[in-house]
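Results of the structural survey
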Amino acid sequence: DQQVKQNSPSLSVQEGRISILNCDYTNSMFDYFLWYKKYPAEGPTFLISISSIKDKNEDGRFTVFLNKSAKHLSLHIVPSQPGDSAVYFCAASRMWYSGGGADGLTFGKGTHLIIQP
Amino acid sequence: SQTIHQWPATLVQPVGSPLSLECTVEGTSNPNLYWYRQAAGRGLQLLFYSVGIGQISSEVPQNLSASRPQDRQFILSSKKLLLSDSGFYLCAWMPTGRGGNSPLHFGNGTRLTVT
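Quantities reported herein were computed from a predicted structural model and do not represent experimental measurements.

Regarding the overall build of chain B
Across its full length, chain B carries zero helices and eleven strands. Helices and strands in chain B line up, N terminus first, as β-β-β-β-β-β-β-β-β-β-β. What you see for chain B is a C-alpha radius of gyration of 13 Å, in line with the 13 Å of a compact globule of 115 residues. On the principal axes, the C-alpha backbone points of chain B span a range of 40 × 30 × 25 Å. Within chain B, buried positions represent 51% of all 115 residues. Long-range contacts, defined here as pairs at least 24 residues apart, represent 55% of the contacts in chain B between residues at least 6 apart. A total of about 5,200 Å² of accessible surface is found on chain B, and carbon and sulfur atoms cover 51% of it.

Focus on the pattern of salt bridges
All names here are of chain B. Under the counting rule described, the total for this entry stands at three salt bridges over all chains. The salt bridge partner of R37 is D85, with a shortest N-O separation of 3.9 Å. Pair noted here: R37 is in strand β4 (residues 32-38) and D85 is in the loop between β8 (73-78) and β9 (87-94), with a separation of 48 residues, a long-range link. For R37, a relative accessible area of 11% gives the class buried.

Brief notes about the pairing of strand β6 (residues 56-59) of chain A
Residues and elements named next belong to chain A. Where β6 and strand β7 (residues 62-67) come together, four bridges link them in antiparallel fashion. Residue pairing across strands places N57 opposite V64, the latter belonging to β7. Between β6 and β7, which pair antiparallel and follow one another directly, the connecting turn spans two residues, one of which, G60, has a positive phi of 65 degrees.

Thoughts on the sheet that holds strand β3 (residues 19-26) of chain B
Residue and element names in this part refer to chain B. Taken together, the four strands give an open sheet; going across it, the order is β1-β3-β8-β7, and neighbouring strands pair in antiparallel fashion. With partners counted over all chains shown, the strands left at the sheet margins are β1 (3-7) and β7 (64-70), one partner each. In this sheet, adjacent strand axes meet at a mean angle of 20 degrees when their direction is disregarded. Of the strand pairs in this sheet, β7 and β8 are connected by five bridges, and their pairing is antiparallel. Of the residues in β8, the one forming a bridge with A66 is L76.

Criteria and cut-off values
Residues numbered from 1 in each chain as written. Chains lettered and ligands numbered in written order. Predicted model: local features only at pLDDT ≥ 70, side-chain atom pairs only at ≥ 80, totals over all residues. Heavy atoms only, no water. Helix = DSSP H or I, 4+ residues; strand = E, 2+ residues; numbered from the N terminus. Rg over C-alpha atoms; globule rule 2.2 N^0.38 Å. Buried < 20%, exposed > 50% of the residue type's maximum accessible area, 1.4 Å probe, protein only. Contact = heavy atoms within 4.5 Å. Areas by Shrake-Rupley, 256 points an atom, 1.4 Å probe, with all protein chains shown as cover. Salt bridge = Lys/Arg side-chain N within 4 Å of Asp/Glu carboxyl O. Pairing = 2+ DSSP bridges. Axes fitted to C-alpha atoms, helices over the stretch in contact; angles between N-to-C directions.

Now the structure itself:
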């Protein structure tokens, strides 16, 4: 049972344009969501997060949007740059005040973003 | 600042051989520690986590085991590797007591190929 789904295995975007990566979740107990970026042969690096009390969080070129009713979140990268080419993982968990514990994050399968020059 | 070290970076082992992957964290005390695996075409799967010395929780039944002999050391082991154990193994940490509202910080991973 996949609780976090990234339905696009890959996405190709032209340099300078907007990249939009999507993620859906099924577990309504999740209230903390994160995006990670991963280069080949390296560990994932944390990009941006959002808690369910917000519907948008912005950090430079990266913005995460959360639609709780649709159980959907997206990551927007504007403008896209060649260095953004990587695999992006969506992850989710419960906040500690929601009964979340130390049992880590649940990840999607990732989306390979390719920025075309 | 905190750093996480994981070794070796790559490993090729024959079927039936033992395995030991090591992970250490510096610059923090009593971290929560995690082992994840990324198999080909799949996401990141949580294998084990630990909230303290000697405390191990297993998420997926398999022929792997984990141990935490020291506060900032986490070891992934197997007595006999299977072909299906091939994958990219990642160690991660999180500040203690903040489960669910703090990012995980990952090491650079170990690429294990079982032949």
